[in-house]
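Overview (structure and organization)
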Amino acid sequence: MGRDEHRTNRRGRPRLAQTPKYAKTDGEDVEFSEEFADPDDKEAQARSRAAENRVKNRKS
């Protein structure tokens, strides 16, 4: 625990932890080499493609 974890705001409530900007992601899938893919990666890619197709079909 750090020293700043016990500080509070004006109303006496503790502050909520914030995620630093460098740690945030945009939610995009990261490309990788097929030779490093395992079955879980391939299943996740298939689910991602299916979800994208559902969204595209819903908009049309």
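Residues numbered from 1 in each chain as written. Predicted model: local features only at pLDDT ≥ 70, side-chain atom pairs only at ≥ 80, totals over all residues. Heavy atoms only, no water.

1. Concerning the overall build of the protein
Let me state the cut-off plainly: Only runs of H or I of at least four residues qualify as helices and only runs of E of at least two qualify as strands under DSSP, and these elements are numbered from the N terminus. Partly exposed describes any residue whose relative accessible area lies between the buried limit of under 20% and the exposed limit of over 50%, with all areas from a 1.4 Å probe on protein chains only and scaled to the type maximum. Areas reported here follow the Shrake-Rupley algorithm with a probe of radius 1.4 Å; residue values treat only the protein chains shown as occluding.
Scanning the protein from N- to C-terminus turns up one helix and zero strands. Going through the 60 residues of the protein one by one, you find that 2% of them count as buried. As presented, the protein carries roughly 6600 Å² of accessible surface, and 47% of it is formed by carbon and sulfur atoms.

2. Observations regarding the pattern of salt bridges
Here is the rule: Salt bridges, as used here, are contacts in which a Lys or Arg side-chain nitrogen is within 4 Å of a carboxyl oxygen on Asp or Glu.
Tallying each qualifying case throughout the model produces one salt bridge. Of the charged contacts, one joins arginine 47 and glutamate 43 as a salt bridge, the two residues approaching to 2.4 Å between their closest N and O atoms. Here glutamate 43 and arginine 47 lie together in helix α1 (residues 39-59), a separation of four residues that amounts to about one turn.

3. Notes on the environment of alanine 37
Convention followed: It only takes one pair of heavy atoms within 4.5 Å for two residues to be counted as in contact.
You can see alanine 37 is positioned in the segment before α1. Of the residues examined, alanine 37 reaches a relative accessible area of 17% and is grouped as buried. Residue contacts for alanine 37: discarding those within four places in its chain leaves Phe32 and Lys42.

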